Amino acid sequence: MIHSENPFLPGPEDRDPVRRFRGRLAAGVTIVTSGSDQRRTGLTVSSLLVVEGEPPIALVVAGPTTDLWEITAGTGRFIVHVCRLGQQRLADVFAGLAPSPGGVFASVETTDSPWGPVLGALPDRLYCSFAAREEVGWSGLIRGIVDRVEISDLTDPLVHFRSVYHRLAERV
């Protein structure tokens, strides 16, 4: 029998209230890449903060057991790519939620750079130098100094809210 609901999802009374609160915060969907050759990685990230200043910084929340955690520290660089509406499948591939025969990079055009793999389909990017990482709670915080910014005419970013992708509504 195929279930219409996730049979492994705990009931509301058994779910972590902090995780439930975080799920109520709409977040832009990004893919963070790092590394080169056989040692490259990418991960879909919605927990991200970009802070203006001198220097500007990017704070990325990623699990300390992920390849991203290790490779960003090892290479000293990473790229944050903003996903657009229509790129849900790509976001799911890099989140490990959808299959990608040949690996996560097989389904997207990439170019190598000193900061890591550049995803051609995602033209809005921050190129960052790794500054520090720290385990925080059950996750980890990767801090990068923004070296370079590339922006396009993005009008429809991919947004994540309560475990579902959404389109931004018109201004109210």
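Now for a description of the structure that goes with this document. (Residues numbered from 1 in each chain as written. Predicted model: local features only at pLDDT ≥ 70, side-chain atom pairs only at ≥ 80, totals over all residues. Heavy atoms only, no water.)

Pairing within the open sheet is antiparallel, and its 3 strands lie in the order E1-E11-E12. Pairing within the sheet leaves two strands with one partner each, and these edge strands are strand E1 (27–28) and strand E12 (164–166). Summarising the sheet, E1 and strand E11 (residues 159–161) pair through 2 bridges and their orientation is antiparallel. The partner of Ala27 across the bridge, within E11, is His160. (Pairing = 2+ DSSP bridges. Helix = DSSP H or I, 4+ residues; strand = E, 2+ residues; numbered from the N terminus.)

Take the side chain of Thr41 next. For Thr41, the position within the fold is in strand E3 (residues 39–45). A residue is classified by how much of its surface remains accessible, and Thr41, at 8% relative accessible area, is buried. Setting aside residues no more than four positions away along its own chain, Thr41 makes contact with Val32, Thr33, Ser34, Asp67, Leu68, Ile71 and Phe105. (Buried < 20%, exposed > 50% of the residue type's maximum accessible area, 1.4 Å probe, protein only. Contact = heavy atoms within 4.5 Å.)

Glancing now at the nonpolar core. Residues Val32, Val60, Phe78 and Ile142 are the most contacted members of the largest nonpolar core, which totals 14 residues. The set of elements that each furnish at least two residues to this core consists of E3, strand E5 (57–62), helix H2 (67–75), strand E6 (77–82), strand E9 (125–136) and strand E10 (139–150). In terms of residue count, the dominant contributor to this core is E5 (3 residues). When residues no more than four places from it in sequence are discounted, the contact partners of Val32 are Thr41, Gly42, Leu43, Val45, Val60, Leu68, Phe78, Ile79 and Val80. (Core = buried A, V, L, I, M, F, W, Y, C linked by side-chain atoms within 4.5 Å.)

With 6 bridges joining them, E5 and E10 adopt antiparallel strand pairing. Paired with Ile57 across the two strands is Ile145, which belongs to E10. Two strands pair when backbone bridges link them, and E9 and E10 are joined in this way by 11 bridges, in the antiparallel orientation. The residue of E10 that forms the bridge with Val136 is Ser139. Once E9 ends, the chain turns through 2 residues before running back antiparallel as E10, passing Gly137 with a positive phi of about 60°.

The next subject is the environment of Val60. Inspection of the secondary structure puts Val60 in strand E5. A relative accessible area of 1% means that Val60 is categorised as buried. As a C-alpha pair, Val60 and Trp138 span 78 residues in sequence and 14 Å in three-dimensional space.

Moving on: the packing of aromatic side chains. As enumerated under the stated definition, the model contains 2 aromatic pairs in all. Centroid distance Phe94 to Phe105: 5.3 Å. Interplanar angle 80°. Geometry classified as edge-to-face. A residue pair is termed long-range when its members are at least 10 positions apart, and Phe94 in helix H3 (residues 88–94) and Phe105 in the loop between H3 and strand E7 (110–111) qualify at 11 residues. With respect to burial, Phe94 and Phe105 carry one shared label: buried. Summarising the aromatic geometry, the rings of Trp115 and Tyr127 are spaced 5.1 Å apart at their centres and angled 70° between planes, so their arrangement reads as edge-to-face. (Phe/Tyr/Trp six-rings, centres within 6.5 Å; stacked < 30°, edge-to-face > 60°.)

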